[in-house]
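Each chain, written out:
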Amino acid sequence: MICYFSGTGNSAFAAQRIGRLTGMEVLDLFERIRDQDYSPLQASQPWVIVTPTYAWRIPRIVSEWLEKTPLTGNSKIYFVMTCGGSIGNAGAYLEKLCERKKMDYLGCFPIVMPENYIAMFSTPAPEEAEKQLAAAYPVIEQAAQSIKKGECFPELPRTIKDKLNSGIVNDLFYPMFVHAKKFTATEACVSCGQCVQECPLKNIKLEAGHPVTARIAWPASAAVRWRPSNMASTRKVCRATPVRNPDKE
Ligand SMILES: Cc1cc2nc3c(=O)[nH]c(=O)nc-3n(C[C@H](O)[C@H](O)[C@H](O)COP(=O)(O)O)c2cc1C
């Protein structure tokens with residue numbers, strides 16, 4: 001079973017594409033995470049967890065959900081991480097998580113997609129985002145092929161920088177940067193309340209029709225979902241792959 005969490009649509013897109021290519025069931029974890037639903041899930045096929053990369057690891061809300069939720073039936077588990085540039089040494093932490101869950105870790109596959117961390121990086125031109133998405137299609141297919149064949153994902157080289165980023169930098173990054181202090185709504189807000197529904201941490205409430213954060217915990221970028229992000233990285237990642245859209249083939 002493919003389980004995904006997605007802030008702005010990249011991971012949702014990758015999960016659904018892998019689902020189509022492998023014929024596996026696809027489950028959006030949004031409601032389970034938001035509602036703190038840790039009831040067991042059962043699957044006969046291997047598990048595939050698809051998430052964005054937050055500070056060179058999987059998002060903490062996803063790892064917390066995984067720690068608490070029994071995944072039964074099949075003990076094999078893959079991770080697919082969409083990212084703006086690098087997943088660092090995320091695999092080492094996922095391997096430990098699998099040890100704790102007594103599951104068989106089959107690897108972690110990075111897929112570079114448009115950057116969505118608007119708190120630090122500028123939004124790219126749509127053409128640049130299109131190029132990144134076109135380069136991501138064959139990488140998504142590669143991940144799907146490995147899953148279909150039951151193969152482990154290839155091991156990734158891990159540099160000292162990767163280890164530092166996923167370790168101490170991750171520890172510092174969360175309290176310093178992953179919070180909702182900058183969340184604001186302009187005069188254009190029509191008080192529809194959609195942001196209240198879409199926040200995965202139930203972090204937004206309406207006060208006299210105006211959205212405000214209930215507690216400081218999360219960047220506003222986590223609130224928009226469903227489409228691949230049209231934001232690309234200021235960290236350049238190029239892949240010389242032909243531009244095509246498999247969904248139109
Ligand atoms: C809080 C936060 C931290 C991020 N940290 C990283 C990172 O360490 N490395 C990286 O390559 N991309 C990072 N990104 C970018 C996202 O991982 C990337 O855009 C991902 O594809 C977004 O997926 P989504 O659209 O499914 O939410 C970060 C984004 C956010 C919001």
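In what follows, the accompanying structure is described. Note that the structure is a prediction, hence the values are computed from the model and not measured. (Residues numbered from 1 in each chain as written. Predicted model: local features only at pLDDT ≥ 70, side-chain atom pairs only at ≥ 80, totals over all residues. Heavy atoms only, no water.)

Scanning the chain for helices and strands turns up 7 helices and 9 strands. A burial count over the chain gives 50% of its 249 residues as buried. Counting only contacts in the chain whose residues sit at least 6 apart along the sequence, the fraction spanning at least 24 positions is 79%. Carbon together with sulfur atoms contributes 54% to the accessible area of the chain, which is approximately 12,500 Å² in total. (Helix = DSSP H or I, 4+ residues; strand = E, 2+ residues; numbered from the N terminus. Buried < 20%, exposed > 50% of the residue type's maximum accessible area, 1.4 Å probe, protein only. Contact = heavy atoms within 4.5 Å. Areas by Shrake-Rupley, 256 points an atom, 1.4 Å probe, with all protein chains shown as cover.)

Attention now goes to helix 4 (residues 90-101). Spanning 12 residues, helix 4 covers 17 Å between terminal C-alpha atoms, matching the ideal 16 Å at 1.5 Å per step. Three or more residues of helix 4 are buried, namely A90, G91, A92, L94, L97, C98 and K101. Looking at the buried side of helix 4, the elements it contacts are helix 3 (60-68), strand 5 (71-73), strand 6 (76-83), strand 7 (104-112) and helix 6 (160-177). Downstream of helix 4 by one or two residues, K102 has phi in the positive range, about 55 degrees. (Expected span 1.5 Å × (residues − 1).)

Looking at the element boundaries, N116 is found in the loop between strand 7 and helix 5 (126-149). Separated by 3.0 Å, the side chains of N116 and T8 make a polar contact. (Polar contact = N/O pair within 3.5 Å; in protein donor to acceptor, adjacent residues only side chain to side chain.)

What surrounds the ligand is a group of 22 residues, the closest being S6, T8, S11, T53 and G85. Within the backbone of N10, an N or O atom sits 2.8 Å from an oxygen atom of the ligand. Elements with a minimum of two residues in the shell around the ligand: helix 1 (10-22) and strand 6. Across the shell around the ligand, the residue classes tally to 7 nonpolar, 13 polar and 2 charged. (Near = heavy atom within 4 Å. Nonpolar A, V, L, I, M, F, W, Y, C, P; charged D, E, K, R; others polar.)

The subject of this paragraph is the pairing of strand 7. For strand 7, the tally of buried residues reaches 7 of 9 residues, placing the bulk of the element in the interior. A crossover connection joins strand 6 to the parallel strand 7 through helix 4; in handedness this β-α-β unit is right-handed. (Right-handed = clockwise from strand over helix to strand, strands pointing away.)

Judged by side-chain polarity, M120, I160, L164, I168, L172, M176 and F177 come together as a nonpolar surface patch covering roughly 700 Å² of accessible area. Structurally, the position occupied by I160 is in helix 6. (Patch = residues over 30% accessible without salt bridge, like charges linked within 9 Å, V, L, I, M, F, W, Y side chains within 5 Å. Salt bridge = Lys/Arg side-chain N within 4 Å of Asp/Glu carboxyl O.)

Time to look at the packing of helix 3 against helix 4. Running from N to C, helix 3 and helix 4 cross one another at 20 degrees; their axes reach a closest spacing of 10 Å. Classified by the angle their axes make, helix 3 and helix 4 are roughly parallel. Relative to helix 4, the crossing made by helix 3 is right-handed. Seen from helix 3, the contacting residues are S63, L66 and E67; seen from helix 4, they are L97, R100 and K101. Residue classes in the contact of helix 3 with helix 4 are distributed as 2 nonpolar, 1 polar and 3 charged. (Axes fitted to C-alpha atoms, helices over the stretch in contact; angles between N-to-C directions. Parallel < 35°, antiparallel > 145°, perpendicular 65-115°, else oblique. Left-handed = near helix turned anticlockwise from the far one by under 90°.)

Quick look at the pattern of salt bridges now. For the coordinates displayed, the defined rule picks out 7 salt bridges. Across the pair K202 and D35 runs a salt bridge whose closest N-O atoms are separated by 3.9 Å. With K202 in the loop between helix 7 (194-198) and strand 8 (204-207) and D35 in the loop between helix 2 (30-34) and strand 3 (41-43), this residue pair connects regions lying 167 residues apart in the sequence. By relative accessible area, which is 51% here, K202 ends up exposed. Across the pair K68 and E64 runs a salt bridge, and its minimum N-O distance is 3.2 Å. Highlighted residues: K68 and E64, both in helix 3, separated by 4 residues, approximately one helical turn. Residue classification places K68 among the partly exposed residues on the basis of a relative accessible area of 45%. Put simply, R34, D35 and K202 are held in one network by salt bridges that share partners.

To continue, consider the nonpolar core. Ranked by internal contacts, the top residues of the largest apolar core, which has 40 residues, are W47, I49, V62, L66, L71, I77 and F79. Only strand 3, strand 4 (47-52), helix 3, strand 6, helix 4, strand 7 and helix 6 provide two or more residues apiece to this core. Counting residues in hydrophobic clusters, the runner-up holds 25 residues, among them A12, F13, I140 and A143. (Core = buried A, V, L, I, M, F, W, Y, C linked by side-chain atoms within 4.5 Å.)

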